[in-house]
Every structure is written in structure tokens, then in C-alpha cells.
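Residues per chain are reported as follows:
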Amino acid sequence: MAQRAIREYDGKAIFAKHWNDYFSGFHYSFKSVLVTSADELREKAKEHGFEWLNQEPLVAKPDMLFGKRGKNDLVLFKVEKPGDVTLEDAAKWIEEKQSHEVTLLTGQKGMLTHFIVEPFTPHTQEQEYYISATVVDNDDVLYMSAEGGMEVEEGWEEKVNEVRIPINMSDEEMERAVRANVPAGIPDEAKERFGSFAIQFFKFYRDLNFAYLEINPIVMIGNDMHILDLVARLDDTAGFMMKEKWGDIEFPTPFGMEDMSPEEKAIAEADAKSGASLKLTILNPEGRIWTMVAGGGASVVYADTIADLAGVKDLANYGEYSGGPTESETQFYAETIFDLMTRYEDPRGKILIIGGAIANFTDVAKTFTGIIKALDKYADKLKEHKTKIYVRRGGPNYEKGLKDIKDAAERLGLYMEVYGPDTHVTDIVRMALEK
Amino acid sequence: MSSRLFTKDTQAIFWNNNKSAIQRMLDYDYVIGREKPSVAAIVAPTSSNKFEKFFYGPDEIMVPLYRNTADAVSEHKSADVLLNFASFRTAYDVSMEAINMGDQFKTIMVTAEGIPERLARKMNQAAKDNGILIIGPATVGAITPGAFKIANIGGTIENIINSKLHRAGSAGLVTRSGGLFNELCNIISLNADGVAEGVAIGGDRFVGSVFIDHLLRMEENPDVKYMILLGEVGGTEEYKVIEAVKSGKIKKPVIAWCIGTIAKHFSSGVQFGHAGASANAERETAEAKNAAMREAGIHVPNSFNDLPALINQVYTDLRKEGVITEIEEPEVRSIPKNRKPKNFICTISDDRGEEATYAGFPISSVATPDTGKGIGDVISLLWFKKQYPKWATDFIETVLKTVADHGPAVSGAHNAKVTARAGKSVVECLVTGLLTIGPRFGGAIDGAAKYFKYANDNNMTPQEFLAYMKKEGIPIPGIGHRIKSLRNPDKRVEGLKKFANEYFPSTSLLDYALTVEQLTTSKKDNLILNVDGTIGILMVDMWRALGYTEEEIDEFIESGTLNSFFILGRTIGFIGHVLDEKRLAMPMYRHPMDDILYDVQPAEKIQ
């Protein structure tokens with residue numbers, strides 16, 4: 001993972017935190033709260049500094065990484081007419097939205113858990129603009145449009161000006177390029193100001209290691225900037241340099257994507273603690289073919305081959321372990337998979353693929369000792385589910401590893417076929433399916 | 001850049017002392033019979049060692065260790081590959097420093113996974129601007145079979161030989177994945193004649209060189225007869241290859257496959273494989289890329305499982321056409337199964353041959369008068385592993401003679417004499433005397449060299465030097481004599497100065513010291529440059545004239561080399577005093593009580 005989405009609220013908080021360092025000449029009053037319930041909102045309104053929740057008309061919307069909230073009818077900005085939403089209206093609306101599952105136009109389903117509540121900003125359509133930045137190929141690209149709002153995708157080509165900013169472009173050149181591309185549709189009196197803002201926006205995006213940053217719309221009233229809607233992704237590989245600047249940032253699971261299962265979570269936690277790599281995604285918990293594959297590339301090839309030869313429905317999981325995991329890490333990983341694969345019955349029996357390419361530096365015998373320990377523990381269950389195990393691996397110390405696992409299978413009475421580098425890496429999938 | 005990535009002469013600087021990876025490289029070097037080890041030097045920022053031992057076949061060699069890249073480069077100008085094994089936190093800085101060294105490095109390989117994307121892009125761009133090839137980040141590297149291999153690529157030496165990576169084959173191989181690189185090499189060895197050049201470009205989103213960079217070079221490389229590309233779902237790099245094939249820039253046959261066809265079955269939530277592997281658009285899917293490549297005339301199998309057969313088919317056709325000819329299998333040197341690291345290292349003498357040698361010279365070639373060699377020559381061989389010119393060995397002998405003795409009253413000689421009178425053996429008496437040598441006895445030679453050199457190196461005027469020493473609270477070592485003065489000069493000093501003026505190519509530090517002496521003697525007549533000072537200072541001048549760097553001379557001073565001349569010379573005198581005592585058979589010595597001030601108070605009781 002490199003680019004990870006953050007909440008609109010957190011994105012705005014980062015803006016606010018660094019506003020004075022980046023946006024000289026412009027003003028932004030960060031009035032936003034993030035709440036998980038109506039009561040939390042009501043409580044918040046009693047706190048010092050949040051009096052505006054009682055004093056100003058409000059806007060409320062879910063803050064859960066999905067877009068097109070307007071089209072999904074998930075933005076509260078009016079009861080009777082725009083700008084008449086009170087605190088209690090917002091709280092009631094949140095209560096209502098949380099009382100049932102929500103289905104988006106895209107088909108994603110789920111419960112709403114996080115809401116952002118802000119003051120309503122009266123403004124005209126003409127004061128709404130669009131600005132965003134991201135990386136395309138190897139360059140940063142800044143997008144600007146005189147038309148903000150949700151319609152921007154329609155007619156992108158005509159309405160949006162693009163400025164390509166190669167990584168080695170000087171600030172002077174960048175500033176010149178941005179100013180030269182301020183959209184024609186912006187009123188003349190505002191062009192200069194918008195250009196200045198766009199330049200500072202780009203520097204902010206760049207220095208804070210955003211991978212994607214979009215404000216749509218941004219409302220410019222004189223020198224007052226109102227960030228009405230914001231989408232942001234951070235380059236999380238820069239996290240170690242940005243601890244101070246990002247603050248304690250959360251990377252939530254996207255809406256509609258089911259939360260990770262406890263098993264996936266446990267593997268992800270083990271992965272975070274380890275120098276090695278441990279990944280697990282359950283694709284179909286009732287699937288017949290389970291894989292325990294070493295290496296990022298090999299794991300993809302096995303998944304490809306299983307989908308080709310058996311069909312994607314039979315593929316139960318995707319995952320990989322690599323980078324020299326310890327014996328106990330491998331054992332934990334194997335036990336997790338063995339446990340998952342012995343939960344549902346399949347009349348045809350189960351297939352377990354212990355696969356991998358020829359390792360560069362991982363000691364095969366060492367990682368196999370972890371798998372063998374897990375086999376010891378789960379042998380009876382695996383037999384109950386008529387599991388056929390196919391092993392293929394090469395690399396440092398592979399002869400010993402293969403022999404050890406074969407011996408263990410014989411001792412435990414498990415069905416197992418074992419192959420080394422002479423056999424094509426994915427050929428065991430074919431063999432397993434032909435049985 | 002040459003069309004060949006590496007040759008048998010390519011040498012690398014390895015950043016980070018990753019012992020197992022370096023050992024793999026040296027094992028490979030031995031197996032393929034390289035003359036020079038492929039790792040010229042190691043940069044280990046936190047190590048204070050000067051070298052690391054590695055096996056080279058059954059023997060061991062020492063690979064020099066440096067604290068930073070600049071030092072390594074200054075000693076190993078011909079090493080034009082940097083293997084950057086720094087962590088994701090520092091890999092960028094290490095690469096940038098190397099890139100800014102101009103034309104030192106042709107290739108930089110970066111192994112770290114997860115370098116911040118913006119930094120990776122900056123690094124890649126800076127390398128490109130300077131004509132440097134970056135392989136990685138997040139890669140196991142590259143190999144030119146039979147010539148040079150980076151770190152762990154290819155795996156164990158057994159696998160390397162099984163996969164025929166110890167000698168050049170005909171295929172050019174480029175993959176994203178490092179694990180599958182190995183696998184492909186194995187497939188190519190089983191179904192064709194092996195690899196001529198192979199690169200794993202790395203799994204991060206922004207890598208310094210992409211498929212097309214390597215394939216265009218391989219197109220020019222006469223050793224490569226056909227090319228194999230293993231791509232991945234995500235990104236559009238494969239389309240550049242398609243363009244090059246369509247436009248005729250690439251004419252050699254290309255076999256290609258993109259892995260990750262599975263991704264089409266799942267929405268964007270599942271991350272398959274590497275960070276770079278995620279399709280943002282239809283044309284980035286594995287299917288679309290495989291179809292487009294097939295359409296462009298690239299050999300594309302129906303699945304990864306069919307790849308071996310396709311490689312075999314293309315290879316067989318090229319054999320039939322005569323493009324590829326039979327490869328003669330070379331002799332392979334084998335690595336002994338059990339190797340024991342040596343506990344001791346000796347770099348000065350060797351007693352294993354017919355006759356023992358001093359730094360390569362048989363003892364008989366330096367021992368007798370007809371060889372024309374003196375003890376100064378023997379010292380230059382055994383202490384410095386060099387053949388010093390005559391003026392220098394003469395100077396060394398002059399020093400030894402000058403410091404040989406200074407009468408019975410000095411503390412070392414006195415100790416030796418007292419011990420001899422206690423009936424101890426020659427060696428016991430001698431070490432008693434020698435153990436007195438240190439900062440206060442004989443130390444002025446060391447001290448003079450150290451402080452005068454420091455002042456001279458920092459361009460201090462004599463006034464500044466005096467002020468500096470006063471601030472440090474140290475009397476200037478090598479200045480001052482009990483009775484000698486300008487008007488009554490020390491003959492030993494006169495002799496040394498005369499010799500130096502006549503035979504030394506230059507005496508820069510002595511010249512400086514004499515300006516200091518002018519100042520000190522103007523304050524007090526006996527504050528002259530004494531014999532210890534003169535020796536220490538002239539030793540520095542000798543080493544400067546012999547071409548040692550200031551750092552090397554500082555190291556000599558730090559390690560106590562100057563002291564060693566005093567120890568060696570004065571040993572002659574001590575032995576003289578001990579033998580003198582033995583001859584005289586003087587009784588046990590007891591110091592007269594009237595020469596001791598007794599001032600003993602009753603001990604205080606502490607509650």
C-alpha cells in the first residue's frame with residue numbers, strides 16, 4: 001500500500017494546521033466537527049469553541065471516503081430552504097441515517113458511522129471553483145476549473161485546465177505555468193488571486209506528501225477560502241517523515257468494503273510488527289482451493305492459474321508470505337489458513353497449495369518448520385476435510401525443507417505431493433485439479 | 001552507456017555491510033573465475049572496523065570498510081556500481097549523494113521497499129539527468145551471467161548453477177518481481193540455453209528504470225538474441241514496449257506475459273502483489289496488456305503455465321535459423337561445503353614457503369651486508385609493508401641510534417637496574433624498564449608530532465600555537481631542555497637537522513617548528529626544540545615526503561608508531577643496563593629511609 005485515503009475532516013484539519021505557513025494572503029476558518037452519533041454532536045455543541053454549532057446554519061454529510069454524496073442524497077443543507085439547518089435538525093438527520101443500512105448508487109452497502117458537520121456557506125455558483133492535484137505517470141498534475149460542484153466530471157476536457165509539473169521543475173517555472181493556465185472562466189478581478197492560491201495549494205500538496213488532493217468546490221469570496229468538499233489521499237510511505245505534520249492520522253477502511261475478518265486483521269497486525277511480509281485476503285470462505293504461497297509475484301501467478309483452471313469461485317484466499325519470516329510467524333500464518341479452510345464442508349474435498357518460486361534468500365527449510373508445526377496441530381481437521389496438499393518450492397536449503405515436510409505428512413497420514421524446482425511453479429495446480 | 005550492463009571487470013561499492021549478500025557475490029565470483037572480487041568496498045556508517053573478511057572459494061579475503069561513500073570512492077575509483085542496501089528511511093540520501101558524485105557511478109541499485117514516492121521520483125529524475133541507471137527501488141537487482149551478479153539475485157550458488165546463471169546464455173530477461181525472476185531463469189535454463197542479461201526492475205510504483213529502458217539496451221547488446229518480459233497488472237509501461245516493437249526499434253523476438261489476470265474478478269479492494277500492481281483503468285489490466293502485446297507481434301502465451309513451452313519454441317526456432325549456436329559449458333569451480341573462518345590475519349610476513357619472508361622478501365635477501373639492507377629496511381618492510389628509500393631507512397636508523405640510551409638516572413633505566421638487582425631475568429628487567437615508557441617518559445616524541453602537526457595543519461601562527469597550548473594547559477611537547485640552550489645547542493639535534501636538510505626532499509614541519517622555537521627562545525633561552533621534538537617532527541616530514549596522506553600520518557601517531565621507535569631504540573640501552581648490573585652482581589637495592597619524607601596521619605574513622 002502506498003496511497004491511502006483519509007477523511008475529509010482530517011484533510012481539512014491538516015489544511016488548518018498549516019494554513020498560515022502556506023496560504024499567505026488568504027483566510028480559512030476551520031469550523032468542522034467529526035462525530036459518530038447525534039448525541040456526540042449535541043455534546044460537542046456545549047464545548048467552548050463550538051458555539052457556532054448553535055449559532056449558524058449547518059451542513060451535515062457522511063465522512064467515510066466515498067464521493068457523490070449529493071447524488072446519493074446524503075448531504076443535509078436544507079429543511080425548507082438552503083441554509084436553515086439547525087443543530088437539532090442535523091442531529092435528527094444523523095439519527096435517521098444511522099437507523100438503517102445505506103446503499104449507494106454504486107451498489108456499495110453499509111452502515112454510516114462518521115459524519116462531518118460544518119457551517120452553511122452562502123455563496124453563488126460563480127464563486128465556486130475546482131482545484132486538485134495528483135501524480136500522472138511520473139509528473140504532478142494540477143487541475144483547475146472555473147466551475148466547481150459535482151458536475152465537473154461532465155465536460156472535463158473543456159472545463160478543466162491541466163498543468164503538468166515534472167519533479168525537477170523549479171518553483172519559478174511552476175508558478176509561471178500555473179498563472180498562465182488560470183481558467184479563462186474565472187472573472188478577471190479574481191484571476192490573480194486564484195492563481196496565487198493555486199500555486200500555494202500545489203506547494204502544500206507537494207510538501208505534505210499528498211498523493212491526491214481535491215477541493216470541489218472551493219468557494220472564494222474575496223480572500224476568504226471555503227473548502228466545501230475535500231478528497232485526499234496520502235502517500236503513507238512518507239509517514240516516517242510526516243509524523244509531526246500529519247499528526248495522528250487515521251486511514252479508515254473504505255465504506256462498503258466489509259471490515260477485515262478477525263483472521264485478516266490478525267495477519268495484518270503480525271505483518272505490521274514483522275520485518276517480513278505477511279498478507280491475507282479471504283475471497284471466498286467456502287472456497288475449495290486454499291493457497292499458502294511465498295512471494296508477491298508467485299502468489300499472483302498461483303491465483304491467476306487457479307482462476308484459469310478451476311474458476312475463480314473455487315479460489316478461497318489470496319495472500320503471500322515473504323522476506324524471511326521467522327518460524328513462529330510462518331506457523332501463525334499457516335495455522336490461520338488451516339483454521340479457515342476447515343470451517344466449511346466441500347464434498348469434493350479441499351486442496352491446499354503450499355507454493356512458491358525459487359527463493360532468493362529465504363531459508364526454505366526454516367520456514368517449512370513453521371508450516372510443519374501447524375500441520376501437526378491441524379492434521380486431524382485437514383484429514384476430516386479430505387485435504388490434498390500440493391507443495392512446490394525451491395531456494396536456499398529447499399531439499400531439506402521438502403524432505404522434512406514430506407516426512408511430516410507421512411507421519412501424520414496426510415495426503416501430500418511434493419515438488420522442487422524441476423517442476424514448473426504452477427504445475428501443481430494442474431496436477432491437483434486432475435486428481 | 002555501453003550496451004552491456006556489466007562485464008567481468010565491473011566492481012561495486014556495497015552500501016551496508018550485508019554479509020550474506022556480499023558472500024553470495026564473492027561465491028559467485030569464485031565459481032565463474034573472476035579475477036577481481038565484484039565487491040571493491042563496503043560502506044558501513046556505524047562500523048569502526050577497517051575491513052570485513054569473506055570467503056573467496058576455500059580462502060578468505062578482506063574487503064575494505066569505509067564510514068561513508070566518499071571515502072570508499074576516493075580509494076576505489078573504478079567501482080562504478082553502487083549497491084544501495086540502505087533502509088527506506090535513508091536510501092534516498094545515499095542515492096543522491098552518489099548521484100552528485102558526477103561520473104563515479106554508472107549504475108545504482110536500490111533495494112529498499114517503500115521509499116516515499118516523491119523522494120523516489122526525485123531520485124529517479126536526478127539519476128536520469130546525470131546519465132545514471134537506477135535499478136529499483138524494491139528489487140533484488142540484476143545479473144550478467146558469467147560476469148557480475150548483484151547481491152542475492154539468483155539465490156544460492158547451487159540454484160545459480162542449476163539455472164545456468166554462471167555463464168552467459170542468449171535470453172535477455174526483465175521482470176518486475178524478484179521471486180519470479182529466479183523462477184524464470186530456471187524455466188529458461190530448462191527450456192532454452194539460459195540468460196545473457198537479466199534485470200528485476202522492482203515492485204514499487206516509481207522505479208528508476210522500466211522495461212523499455214532495459215529492452216532497448218538489450219536490443220543493442222549482441223549477447224542477447226531474444227528477450228523475455230514478465231509484466232504485471234497495473235501501469236502502462238508495457239505499452240512503451242509495444243510501441244518500440246511496432247516502430248521497429250525492437251527487432252529481436254520478444255516473449256511476454258503480464259501476471260495478475262486474477263484481478264479482473266475482484267473490485268479494487270484487493271491488492272494483488274506489489275505496490276505498483278493495481279489497475280486504475282481497463283488498459284492497465286493484465287488481459288488488456290497481454291492482448292495488446294499479442295496484437296503487436298510479441299510472443300504471448302495463453303497462460304503463465306504455457307510460458308515454458310513458448311520459450312522453448314522461440315529458442316528452437318532461433319537455433320534452427322542459426323541465430324543461436326551451441327554453448328560450450330565452462331568449467332565450474334566448486335565452493336567447499338565446510339569453510340572455517342580464520343581467527344588471525346597476518347599481512348606482514350609469511351613462513352609457509354621455502355623461506356620465511358618479510359613483506360614478500362625472503363629473509364636472506366635483506367639479512368647479510370652484501371644485500372645492502374640495514375635494520376631500517378627491515379623496519380620499513382615489517383612495520384610499514386613498504387620499501388622505503390635509502391634516506392628514509394638511514395633516518396630510521398639514526399633515530400634508533402639517537403634514542404638508544406640516556407644514562408642510568410632516567411626512570412626506565414633506573415627501574416630496569418633495580419629489578420636486575422632483585423635477581424630477575426633479562427626479559428623481566430627489560431619489561432620493567434619498558435613499562436615506564438608512556439606519556440611522561442619518551443612521550444614527547446609522540447606529543448611533539450601530534451601538536452606541531454595539528455598547529456601546522458590548521459595554519460596556526462607560532463603565537464596562535466602557543467596561545468592554543470596555554471589554553472589546553474599543556475606545556476609544548478618537544479620544547480625545552482634542562483641545560484641546553486640556543487648558545488649551547490644539543491649536538492644530537494644539530495645532527496638530525498643537518499641530516500634532514502641534506503637528504504629529506506622537504507622539511508615543512510621542521511621549518512614550522514623552528515619558527516615556533518624562535519618565539520619560545522625569545523621568552524626563555526632554554527626553550528629550544530629538543531631531541532624528542534626533533535625526532536617526532538622529522539618523522540612526520542619523512543612520511544609526508546614518502547607520499548602518505550595527512551590522515552594516514554595522523555593514524556600513525558594515534559596508533560603509537562612514533563612511540564614504537566623509542567621503545568625499540570631504548571630497548572638497546574635497557575638491555576645494556578641490565579647486563580651491566582648482572583656483570584657487577586650488585587646486591588638487592590633498598591632505598592635509604594632518610595631520602596623519604598614520612599608523613600603518616602592516624603586514619604580517620606568514617607561512621
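See the structure shown above.
Scoring rules and cut-offs
- Residues numbered from 1 in each chain as written.
- Chains lettered and ligands numbered in written order.
- Predicted model: local features only at pLDDT ≥ 70, side-chain atom pairs only at ≥ 80, totals over all residues.
- Heavy atoms only, no water.
- Helix = DSSP H or I, 4+ residues; strand = E, 2+ residues; numbered from the N terminus.
- Rg over C-alpha atoms; globule rule 2.2 N^0.38 Å.
- Buried < 20%, exposed > 50% of the residue type's maximum accessible area, 1.4 Å probe, protein only.
- Contact = heavy atoms within 4.5 Å.
- Areas by Shrake-Rupley, 256 points an atom, 1.4 Å probe, with all protein chains shown as cover.
- Axes fitted to C-alpha atoms, helices over the stretch in contact; angles between N-to-C directions.
- Parallel < 35°, antiparallel > 145°, perpendicular 65-115°, else oblique.
- Left-handed = near helix turned anticlockwise from the far one by under 90°.
- Nonpolar A, V, L, I, M, F, W, Y, C, P; charged D, E, K, R; others polar.
- Patch = residues over 30% accessible without salt bridge, like charges linked within 9 Å, V, L, I, M, F, W, Y side chains within 5 Å.
- Salt bridge = Lys/Arg side-chain N within 4 Å of Asp/Glu carboxyl O.
- Buried area = accessible area lost by both parts, 1.4 Å probe.
- Polar contact = N/O pair within 3.5 Å; in protein donor to acceptor, adjacent residues only side chain to side chain.
- Core = buried A, V, L, I, M, F, W, Y, C linked by side-chain atoms within 4.5 Å.
- Pairing = 2+ DSSP bridges.
- Arc of directions from axis to C-beta.

With that settled, the discussion passes to the overall build of chain B. Each helix and strand counted, chain B has 22 helices and 16 strands in total. In terms of C-alpha radius of gyration, chain B reaches 35 Å, well past the compact-globule figure of 25 Å for 607 residues. Put simply, chain B has 607 residues, and 53% of those count as buried. Intrachain contacts of chain B at a sequence separation of at least 6 include 74% that bridge at least 24 residues. Of the accessible surface of chain B, which amounts to about 28300 Å², a share of 52% is contributed by carbon and sulfur atoms.

A pair of packed helices is characterised by two quantities: the angle between their axes and the separation of those axes. Residue and element names in this part refer to chain B. Interaxial distance between helix 20 (residues 531-545) and helix 22 (residues 561-584) falls to 11 Å at its minimum, and their mutual angle equals 120 degrees. With respect to each other, helix 20 and helix 22 are oriented oblique. Here the hand of the crossing between helix 20 and helix 22 comes out right-handed. Side by side, helix 20 and helix 22 meet where Gly 536, Met 539 and Trp 543 of the first sit next to Thr 561, Leu 562 and Phe 565 of the second. Residues belonging to the contact of helix 20 with helix 22 are distributed by class as follows: 4 nonpolar, 2 polar and no charged.

This brings us to a nonpolar patch on the surface. A cluster of nonpolar side chains, Phe 51, Met 62 and Ile 345 of chain B, forms an exposed patch at the surface whose accessible area comes to about 240 Å². Mapped onto the elements, Phe 51 of chain B comes out in strand 3 (residues 51-56).

Residue and element names in this part refer to chain B. Here helix 8 (residues 237-246) lies mainly inside the structure; 7 of its 10 residues are buried. Taken together, the buried positions of helix 8 are Glu 237, Glu 238, Tyr 239, Val 241, Ile 242, Ala 244 and Val 245. Next to the buried residues of helix 8 lie helix 7 (211-220), strand 12 (226-232), strand 13 (254-259) and helix 9 (286-295). Of the residues trailing helix 8, Gly 248 is marked for its positive phi of about 85 degrees.

Time to look at the interface of chain B and chain A. With 48 residues of chain B at the interface, the matching set in chain A holds 49 residues. Taking both partners together, chain B and chain A bury about 4000 Å²; carbon and sulfur atoms supply 58% of that area. The largest contributions to the chain B side of the interface with chain A come from Arg 118, Arg 121 and Asn 305 of chain B, which together make up 17% of the buried area. In this structure, the connection of chain B to chain A is made through 3 salt bridges. In this structure, Arg 392 of chain A engages Glu 183 of chain B in a salt bridge whose closest nitrogen and oxygen atoms are separated by 2.4 Å. Taken together, chain B and chain A are joined by 19 residue pairs in polar contact (both at pLDDT 80 or more). Elements represented by at least two residues in the side of chain B that touches chain A include exactly helix 4 (117-129) and helix 6 (178-191) of chain B. Tallying contributions element by element places helix 6 of chain B first for the side of chain B that touches chain A, with 8 residues. Taken together, the residues of the side of chain B that touches chain A sort by class into 17 nonpolar, 22 polar and 9 charged.

Residue and element names in this part refer to chain B. Following the sequence through the fold, Thr 393 ends up in helix 13 (residues 390-403). We classify Thr 393 as buried; its relative accessible area is 3%. There is a polar contact of 3.0 Å between the side chain of Thr 393 and the backbone oxygen of Lys 390. Dropping the residues within four chain positions of it, Thr 393 is found in contact with Gly 376, Asp 377, Ser 380 and Tyr 388.

In terms of nonpolar packing, the biggest core is built from 115 residues, with Phe 14 and Tyr 226 of chain B touching the most fellow members. Counting residues per element, this core draws most heavily on helix 1 (residues 19-32) of chain B, which supplies 8 residues. Once residues within four sequence positions are removed from consideration, Tyr 226 of chain B is found in contact with Ser 170, Ala 171, Gly 172, Ile 188, Ala 192, Pro 253, Ile 255, Ile 311, Val 314, Tyr 315, Leu 318 and Ile 324 of chain B. In terms of nonpolar packing, the next biggest core, distinct from the first, is built from 76 residues, Val 135, Ala 198 and Ile 215 of chain A together with Ile 115 of chain B among them.

Let us look at the environment of Ser 277 of chain A. Take Ser 277 of chain A: it is sitting in strand 13 (residues 277-282). Engagement of the side chain of Ser 277 of chain A in a polar contact is seen with the side chain of Lys 279 of chain A, the distance being 3.3 Å.

All names here are of chain B. Reading across the sheet, the 3 strands line up as 14-15-16 and stay open at both edges, with antiparallel pairing between neighbours. Edge strands, defined here as strands with exactly one partner in the open sheet, are strand 14 (349-350) and strand 16 (361-362). Bridge count for strand 14 against strand 15 (residues 357-358) is 2 bridges, and the pairing is antiparallel. Within the sheet, the bridge partner assigned to Asp 350 lies in strand 15 and is Thr 357.

Residue and element names in this part refer to chain B. Strand order in the open sheet made by the 7 strands is 3-4-2-1-5-6-7, with mixed pairing throughout. Each edge of the sheet is formed by a strand with only one pairing partner; in this case those strands are strand 3 and strand 7 (133-135). When the angles between neighbouring strand axes are averaged without regard to direction, this sheet yields 25 degrees.

Let us look at unusual backbone geometry. Here the amide bond leading from Asn 216 of chain A into Pro 217 of chain A is cis, since omega sits at 0 degrees, within 30 degrees of zero. Gly 136 of chain B connects to Pro 137 of chain B through a cis peptide bond whose omega is 5 degrees. Not every positive phi belongs to a glycine, and Asp 137 of chain A is a case in point at roughly 55 degrees. Considering the arrangement of structural elements, one finds Asp 137 of chain A in the loop between strand 7 (128-136) and strand 8 (139-145). The class for Asp 137 of chain A is exposed, based on a relative accessible area of 52%. Despite not being glycine, Ala 359 of chain B shows a phi value in the positive range, around 45 degrees. Among the secondary structure elements, Ala 359 of chain B is positioned in the loop between strand 15 and strand 16.

What follows deals with the environment of Leu 307 of chain B. With respect to the helices, strands and loops of the structure, Leu 307 of chain B is situated in helix 10 (residues 307-321). Along the primary structure Leu 307 of chain B and Ile 188 of chain B are separated by 119 residues, whereas in three dimensions their C-alpha atoms are 9.8 Å apart.

All names here are of chain A. Those residues of helix 4 (residues 87-97) lying buried are Leu 87, Ala 90, Ala 91, Trp 93, Ile 94 and Lys 97. Take helix 4 and look down its axis: the buried residues cluster within an arc of 160 degrees, on one side only. Residues of helix 4 that are buried make contact with strand 2 (33-35), helix 2 (38-44), helix 3 (52-55), strand 3 (58-62), strand 4 (102-103) and strand 6 (115-119).

It is worth spelling out the side chain of Arg 69 of chain A at this point. Residue and element names in this part refer to chain A. Take Arg 69: it is sitting in the loop between strand 3 and helix 4. Residue Arg 69 is classed as buried on the basis of its relative accessible area of 7%. Of the polar contacts made by the side chain of Arg 69, one reaches the side chain of Asp 229; its length is 2.6 Å. Other than its neighbours up to four places away in sequence, Arg 69 contacts Glu 8, Lys 61, Pro 62, Asp 63, Leu 74, Val 75 and Asp 229.

This paragraph deals with the pairing of strand 3 of chain B. Residue and element names in this part refer to chain B. Bridge analysis of strand 3 against strand 4 (residues 59-66) gives 6 bridges, and the strand direction is antiparallel. Among the inter-strand pairings, Phe 51 is bridged to a residue of strand 4, identified as Pro 64. Counting the residues between successive antiparallel strands, the hairpin from strand 3 to strand 4 contains 2 residues, one of them, Gly 57, with a positive phi of roughly 65 degrees.

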